[in-house]
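# Close look at the chain arrangement
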Amino acid sequence: MNSEFAYQKCLSATCQSTFDLGQILTQCPHCGKLLDIQYEWDKLPVPKSLVNFETYWSQRNNPTRLSGVWRFHELLPFVPIEDVVTLGEGQTLLQCADSLGQICQHESGKLFLQYEGFNPSGSFKDNGMTAAFSHAKYVDAKIAACASTGNTSASLAMYSAVSRQMRSIIFIGSGKIAFGKLSQALDFGAMTIQIDGDFDDAMRQVQQVCPRLGIYLVNSVNPFRIEGQKTIMLRVLEALQWQVPDWIIVPGGNLGNSSSFGKMFGELLQLGLIDRAPRLAVINATGANPLYELYNQHEIRFDGGHYDRTRCDQYFANLNSAADTLASAIEINRPVNLAKCLRALEICDGVVEQVTDQEILDAKAQIGSHGMGCEPASAASFAGLKKLRSQQIIAPSDRVVCVLTGHQLKDPDATVAYHSGDAEMFAKKLGARGIESVRHANHPVRVANDTDAIVDVIQKQMKE
Ligand code: F0G
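Note that the structure is predicted; figures quoted are calculated from it, not measured. Every chain is numbered independently, its residues counted from 1 as its sequence is written. Thresholds applied to this predicted model are a pLDDT of at least 70 for local features of residues and 80 or more for the giving and counting of side-chain atom pairs; totals over whole chains, interfaces and linings are not thresholded and use all residues. Excluding hydrogens and water, the side-chain values take into account all heavy atoms of the structure.

## Things to note about the sheet that holds strand β8 (residues 191-195)
Two strands pair if DSSP finds at least two bridges between them. Counting from the N terminus, the helices are DSSP H or I runs at least four residues long and the strands are E runs at least two residues long. Strand order in the open sheet made by the 4 strands is β8-β7-β6-β9, with parallel pairing throughout. For this open sheet the edge positions go to β8 and β9 (216-217), each flanked by a neighbour on one side alone. Where strand β6 (residues 143-148) meets β9, 2 bridges bridge the pair, whose relative direction is parallel. Looking at β9, one finds that Ala144 is bridged to Tyr216. In what follows, a contact means two residues having at least one pair of non-hydrogen atoms within 4.5 Å. Each axis is a line fitted through C-alpha atoms, taken for helices only over the stretch in contact, and angles between the N-to-C directions span 0 to 180 degrees. Relative to β6, helix α4 (residues 151-163) is tilted by about 160 degrees, and along the sheet it contacts β6 and β7 (167-173).

## Details of the sheet that holds strand β13 (residues 400-404)
Here 6 strands make up an open sheet; going across it, the order is β4-β5-β13-β10-β11-β12 and the pairing mixed. Two strands in the sheet have a free side with no partner beyond their single neighbour: β4 (93-96) and β12 (351-355). Going across the sheet, the axis of each strand differs from the next one's by a mean of 25 degrees, ignoring polarity. Relative to strand β11 (residues 279-285), strand β10 (residues 247-251) is paired through 5 bridges, and the arrangement is parallel. Across the sheet, Ile249 pairs through a bridge with Ala281, a residue of β11. The strands that helix α8 (residues 231-239) touches are β4, β5 (111-115), β10 and β13; relative to β5, the one it contacts most, it runs at about 135 degrees.

## Considerations on the environment of Gly88
Its place among the elements puts Gly88 in the loop between α1 (63-66) and β4. The sequence separation of Gly88 and Pro63 amounts to 25 residues, and the corresponding C-alpha distance is 6.5 Å.

## Brief notes about the site of the ligand
Close to the ligand lie 20 residues; Ser148, Asn151, Asn254, Leu255 and Thr405 are nearest. Under the rule applied, a polar contact is a pair of N or O atoms within 3.5 Å (in protein, one hydrogen donor and one hydrogen acceptor; residues adjacent in sequence only if both atoms are side-chain atoms). Within the side chain of Ser148, one N or O atom sits 2.7 Å away from an oxygen atom of the ligand. In this structure, Gly253 approaches the ligand through a main-chain N or O atom, which is 2.8 Å from an oxygen atom. When residues of the shell around the ligand are traced back to their parent elements, those giving at least two are α4 and α9 (256-270). The classification used treats Ala, Val, Leu, Ile, Met, Phe, Trp, Tyr, Cys and Pro as nonpolar, Asp, Glu, Lys and Arg as charged, and all other residues, Gly among them, as polar. When the residues that make up the shell around the ligand are grouped by side-chain class, the tally is 6 nonpolar, 12 polar and 2 charged. A cutoff of 4 Å decides nearness: a residue is near a molecule or strand if any of its heavy atoms lies inside that distance of it.

## Some details on the nonpolar core
By size, the foremost hydrophobic cluster in this structure holds 102 residues, and its most contacted members are Leu50, Phe78, Phe265 and Leu268. Looking at this core element by element, the count peaks at 6 residues for helix α12 (residues 338-347). Grouped together as the second largest cluster of nonpolar side chains are 31 residues, Cys104, Ala377, Leu388 and Ile394 included. Among buried residues, those of type Ala, Val, Leu, Ile, Met, Phe, Trp, Tyr and Cys that are joined through side-chain atoms within 4.5 Å constitute a nonpolar core. The rule is simple: take the accessible area with a 1.4 Å probe, protein chains only, and divide by the maximum for that residue type; under 20% is buried, over 50% is exposed, in between is partly exposed.

## Some remarks on the pairing of β11
A regular strand places its side chains so that they alternate between the two faces of the sheet. In terms of burial, β11 is a largely internal element, 6 of the 7 residues being buried. A clockwise path from the first strand over the helix to the second, with the strands pointing away from the viewer, defines a right-handed crossover. Between the parallel elements β10 and β11, the chain passes through α9 in a crossover that is right-handed.

## Considering the pattern of salt bridges
For this document, the term salt bridge refers to a Lys or Arg side-chain nitrogen within 4 Å of an Asp or Glu carboxyl oxygen. Applying the stated criterion across every chain, the model contains 22 salt bridges. A salt bridge links Glu107 to Lys110; its shortest N-O distance comes to 3.3 Å. Residue classification places Glu107 among the partly exposed residues on the basis of a relative accessible area of 38%. Lys110 sits in the partly exposed class, given a relative accessible area of 22%.

Given below as structure tokens:
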């Protein structure tokens, strides 16, 4: 480990305790707050310009240069490059999406989608998991666990199966995980603990069980996860030829991703590698909107690390309903990274919005018809853009990047229920959850098993 020049530090402005990288911690042992990885940049070989990273493109036969995470090792140098655990994560894509831009009267060439679903396990989580596994290797951990709405567990199970480094245990809530994700964890051989409760219950349990059994926790309270996820923003900058966009829009659940984006931009500013941060928009689902409420209604701000934790604790103590959204990946009421996300919002002059399940599913169908598609939670980013455009918070000329966090095939149930045109399926899966319309549906056409009838139907459809 590069423990000489990197360390763990408590996020609290009043505590600021520091700890060696070799300690397995997911909160400050003194005050219970989150931990951050900090670097003594002046003693480390940081590139003078972001363009320097391009020299690694020609070294793609080396797995650590192929990785879209470790190719930026100099900006997450907590582990020597030769010791990282990588599965070629981060081969993702930034795509210009003019046809979607038109929907919200956005200027051509100004809206981009960052497809994180192209990671090996199909979501952005692999960016963080490779970093957590690299730290776990250093501390010689033998068993890893996480609570999950599905994607973290799929990623953990995959890294565990491929690297053979650790056994994996996943904690999930009952009926709260999309089958695409559950099938991955089961197929990869993870021990699957299904709790009689939701994600927030599973998260609380895994945090209690891990220290008791000496298990390495890979949820995003693990500060090394956040280090890996920082690189999503580096790849966005790289694809924009190192120009900083005006806005990054990301769905908010446990708030690890937004936290890591803010940390990255804060560090790039500190290192003089960019001259301004983009603005950040974090989008909650209305059925799981603690960040939206705390930020907009209770006006909680990071305040340089002095955020009002007592008021946040009171808010959570008074929450008496469980999170409820069809975007199961972000069905979270007690986000563990709240403080770090508040810091990100401070660094990036951020805003927080909320979108309904109807808005999420409509946006998802529009993203799908544009091209590569995503799972419901990911569509919160485009649904959020439409809302922020209508409020004129985002201007038509702003350069905007919506992060699509998970692959389209993660949650096919929601997609099929939206498009199928099957009234019974709609009523059961969507109608019962408050969805009223499927205005962007692409219904299959039912035809008899008869060639003439099929030809006739196709000709009619082609004319429409
Ligand atoms: N999008 C997808 C597809 C996710 O799986 C998640 C989180 C989020 C967005 C929210 O990201 O937590 O960093 O704010 N999924 C976690 C899981 C909670 O267990 O897979 P966040």
